[in-house]
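# Reading the structure
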Amino acid sequence: MRGHRSGRPLVPAYLSTSGVARPSRNSLERLSVLTSTTGPVFGDLPAAQHALLQSLEGGSLTVVEAAALLRLPVSAIRVLAAALIDQGLVTARPPVPPAAQPDHDLLKRVADGLRALKL
């Protein structure tokens, strides 16, 4: 069942997490990378957890990408992923830290040196 204007599911997000509001671990960030540790799982998983596992088959996704793919809020994906991590079905690694900003003075001196060589 879909909404009229936005195409979003009419089921509230907290129902996809079985009413759990907070993840069991606070280490999951929006850019944490989720990877499935097993092949296809056929068991007693809630539908939303099963959908998340299926989306991770054959690759990795960030929490934000999984949320967009499954059309669920990031907070719901964090809850679902934390439950799968607790069961050993998914691993998560922290996001890659942003690269250190280059020294602008050094870059300017290199550009000036290259311009001097060109003349």
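All values derive from a computational prediction rather than experimental measurement. (Residues numbered from 1 in each chain as written. Predicted model: local features only at pLDDT ≥ 70, side-chain atom pairs only at ≥ 80, totals over all residues. Heavy atoms only, no water.)

## A short note on the overall build of the protein
Under the convention used in this document: Note on conventions: DSSP H or I runs of at least 4 residues are helices, E runs of at least 2 residues are strands, and numbering of each starts at the N terminus. Note on classification: 1.4 Å probe, protein chains only; a residue is buried when its accessible area is under 20% of the maximum for its type, exposed when over 50%, partly exposed between these limits. Residue-level accessible areas treat just the shown protein chains as cover; the underlying method is Shrake-Rupley with a 1.4 Å probe.
Summing up its helical and strand segments, the protein has 5 helices and 3 strands in all. Split into buried and exposed, the 119 residues of the protein put 29% on the buried side. With the model as given, the accessible surface of the protein reaches about 8400 Å², and the carbon-plus-sulfur share is 58%.

## Quick word on unusual backbone geometry
Here the phi dihedral of R71 falls at roughly 55°; this positive angle occurs in a residue that is not glycine. Here R71 shows up in the loop between helix 3 (63-70) and helix 4 (74-86). Residue R71 is classed as partly exposed on the basis of its relative accessible area, which comes to 45%.

## Regarding the pattern of salt bridges
This is how the line gets drawn: Basic side-chain nitrogens of Lys or Arg form a salt bridge, by our definition, when they fall within 4 Å of a carboxyl oxygen of Asp or Glu.
The full count for this structure, using the stated rule, is 2 salt bridges. Between K108 and D112 there is a salt bridge; the shortest N-O distance is 3.3 Å. One end of the pair, K108, and the other, D112, are both in helix 5 (residues 104-118), 4 residues apart, so they sit about a helical turn from each other. In this structure D112 comes out as partly exposed when scored by relative accessible area, which is 33%. Here D112 makes a salt bridge to R115, at a shortest N to O gap of 2.8 Å. On the criterion of helical spacing, the pair formed by D112 and R115 is a turn pair, its members being 3 residues apart in helix 5. Via salt bridges that share partners, K108, D112 and R115 belong to a single interconnected network.

## Let's talk about the nonpolar core
Soluble globular proteins: nonpolar side chains tend toward being buried together. Short version of the rule: Residue types Ala, Val, Leu, Ile, Met, Phe, Trp, Tyr and Cys, when buried and joined through side-chain atoms within 4.5 Å, form a set referred to as a nonpolar core.
Counting residues in hydrophobic clusters, the biggest one holds 22 residues, and the most contacted among them are L34, L52, I77, L84 and V90. Listed by contribution, the elements that provide at least two residues to this core are helix 2 (47-56), helix 3 and helix 4. At 8 residues, helix 4 tops the list of elements feeding residues into this core.

## A short note on the side chain of T62
Position of T62 among the secondary structure elements: in strand 2 (residues 60-62). On the basis of relative accessible area, T62 is assigned to the buried category, the value being 14%.

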